[in-house]
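Architecture at a glance
Below, each chain spelled out in residue letters.
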Amino acid sequence: MQRHFDEELKELHRDILKMGVLAQEAIYKSIEALKSRDKLLAQEVIKADDKIDELELSIDERCIDLIARHQPMASDLRFLTTGMKINAELERIADLALDISQRVLEIADKPLLKPLVDIPKLSVIAQNMVRDAINAFIKRDVDLAKKVLLSDPEADRLRNFVSDELVNDYMAKDPKTADRAVPLLLIARHLERICDHTTNIAEDVIYMIEAKVVKHHPEKL
Amino acid sequence: MYKIITKNLNLWYGDFQAVKNVNASFSENKITAIIGPSGCGKSTLLRIFNRMNDLIEGVRTSGEIIVDQENILDKGIDLVDLRKKIGMVFQRPNPFPLSIYENVVFGQRVHNSLRKPELDSLAENSLRSVLLWDELKDKLHKSALSLSLEQKQRLCIARLVAVKPEVLLMDEPCSTLDPQATQRIEELMRELKNNYTIIIVTHSMQQAARISDDTGFMLLGELIEFGKTDNIFTNPLDKRTEDYITGRYG
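Residues numbered from 1 in each chain as written. Chains lettered and ligands numbered in written order. Predicted model: local features only at pLDDT ≥ 70, side-chain atom pairs only at ≥ 80, totals over all residues. Heavy atoms only, no water.

**Points about the overall build of chain A**
In terms of helices and strands, chain A carries six helices and zero strands. Order of helices (α) and strands (β) in chain A, N terminus to C terminus: α-α-α-α-α-α. Taken along the three principal axes of its C-alpha coordinates, chain A extends 70 × 40 × 20 Å. Taking all 221 residues of chain A together, the buried fraction comes to 50%. Carbon and sulfur atoms provide 54% of the accessible area of chain A, an area that totals close to 10,500 Å². (Helix = DSSP H or I, 4+ residues; strand = E, 2+ residues; numbered from the N terminus. Buried < 20%, exposed > 50% of the residue type's maximum accessible area, 1.4 Å probe, protein only. Areas by Shrake-Rupley, 256 points an atom, 1.4 Å probe, with all protein chains shown as cover.)

**Structural notes on the interface of chain A and chain B**
Many descriptions give the size of an interface as the accessible area lost when the pieces come together. Each partner contributes to the interface: chain A provides 13 residues, whereas chain B provides 14 residues. Of the roughly 1,100 Å² buried where chain A meets chain B, counting both sides, 48% is carbon and sulfur surface. For Asp76 of chain A, the salt bridge goes to Arg248 of chain B, with nearest N and O atoms at 3.1 Å. Inspection of the region where chain A meets chain B yields six residue pairs in polar contact (both at pLDDT 80 or more). Looking at the side of chain A that touches chain B, the elements with two or more residues in it are α3 (74–107) and α6 (178–210) of chain A. If you tally residues by element for the side of chain A that touches chain B, the top one is α3 of chain A, at five residues. (Contact = heavy atoms within 4.5 Å. Buried area = accessible area lost by both parts, 1.4 Å probe. Salt bridge = Lys/Arg side-chain N within 4 Å of Asp/Glu carboxyl O. Polar contact = N/O pair within 3.5 Å; in protein donor to acceptor, adjacent residues only side chain to side chain.)

**Regarding empty space enclosed by the protein**
Residue and element names in this part refer to chain A. Inspection of the entire model under this criterion finds three cavities of 30 Å³ or more. Quantified by volume, the largest cavity comes out at close to 60 Å³. Every residue along the wall of the largest cavity is listed here: Lys114, Pro115, Leu116, Val117, Asp118, Ile119, Pro120, Val162, Glu165, Leu166 and Leu184. Within the residue set of the lining of the largest cavity, elements represented by two or more residues are α4 (118–139) and α5 (142–171). Its residues placed into classes, the lining of the largest cavity shows eight nonpolar, no polar and three charged. (1 Å grid on protein atoms, 1.4 Å probe; cavity = no way out; pocket = protein on both sides within 12 Å on 5 of 7 lines; lining within 4 Å. Points joined across faces, edges and corners; volume = space filled by probe spheres on them. Nonpolar A, V, L, I, M, F, W, Y, C, P; charged D, E, K, R; others polar.)

This is the structure we're talking about:
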């Protein structure tokens with residue numbers, strides 16, 4: 001039977017996809033701003049965050065409205081509750097891109113401490129994970145969601161590598177490098193947190209599709 | 001612990017098979033909801049449990065219904081005793097055109113010869129168990145027909161409780177009540193399940209989700225899925241259950 005509710009769910013789906021695209025764009029631009037030391041681009045990311053926050057509120061409102069009016073069950077209920085969680089994760093991801101942009105503004109006028117190698121690598125992993133998590137949600141693809149979860153250890157490894165390098169090879173040897181090293185250290189941390197939020201999305205997607213809770217239970221994967 | 005277990009249960013109205021090979025176990029001191037579209041056989045299933053369908057001409061059953069190690073479909077079963085043990089609450093409350101007091105003690109008057117003080121205490125306890133005592137203690141000799149719909153439904157439950165049943169069958173007990181009265185009856189059911197096994201047939205999936213511990217979904221006489229209510233309403237295993245509870249069926 002055709003349901004009007006399905007049309008409303010499709011609209012919600014589109015909005016969450018839009019939220020995902022905006023979050024991906026924010027990460028991409030913040031890293032481009034870092035690489036090219038482009039303060040204007042960093043400011044653009046900061047400014048765009050208001051739009052993402054507004055969209056987050058509107059998606060939340062729409063979910064609550066649909067739950068109140070339709071009292072959904074089973075797969076509809078899982079879709080709506082997952083949609084709300086993914087919405088919040090994407091908003092946090094966009095906030096972290098904003099944090100990266102703020103760090104870029106802190107170091108943009110100073111000489112670069114070292115050539116950027118591992119942070120861009122980490123940013124590629126983060127962007128791919130966000131893209132795959134959103135696609136897993138859109139296409140209801142459990143395998144893709146699992147792939148996202150498997151990417152996280154590499155992100156952790158890279159972040160630890162970046163931190164060790166900045167602390168041991170720069171700050172420990174010359175404390176005066178701290179004002180340029182700490183923002184880079186934080187950027188690596190922000191990117192790693194983005195990956196963590198993305199694994200939350202992947203876990204939520206698996207719950208939405210299979211009603212299986214893998215959060216805190218990796219053995220269930 | 002299961003109170004009622006059905007084994008390969010079938011029922012025919014003449015040539016029409018209304019219940020098809022139902023195998024299910026109903027837990028003691030739990031609420032089990034039976035849901036499904038109109039005509040799916042859910043009320044028929046409920047009525048088999050105290051052999052109400054025996055009153056209909058041309059009805060035939062096969063299989064077993066085990067209650068306390070006894071097959072209640074056996075020919076030798078005493079139907080009066082069975083209906084005392086397994087009572088039913090109907091869609092529309094049906095108090096007798098007697099006083100509130102007489103309604104409550106009616107069953108015991110039929111089954112036993114209790115004396116007045118015993119009957120008084122029975123009336124009080126039964127009305128207390130359905131949370132009507134405080135409201136009605138000064139009006140016990142008024143006609144039961146003067147009560148509100150919700151009070152009448154509670155009174156019918158009190159009338160059942162007074163004969164000390166073990167199982168309460170409820171066929172759409174809230175369908176004629178407003179949302180507040182429905183909520184109060186649901187609260188009552190939660191209280192009652194501490195002492196009784198309750199099986200409820202309901203058209204309201206929200207009601208089934210709110211109050212039941214287990215849920216069975218029926219379609220065209222078959223029990224399609226039976227399990228924990230939490231699972232049925234978040235992750236049904238059968239696509240037909242999913243389609244029904246999400247409103248895609250039809």
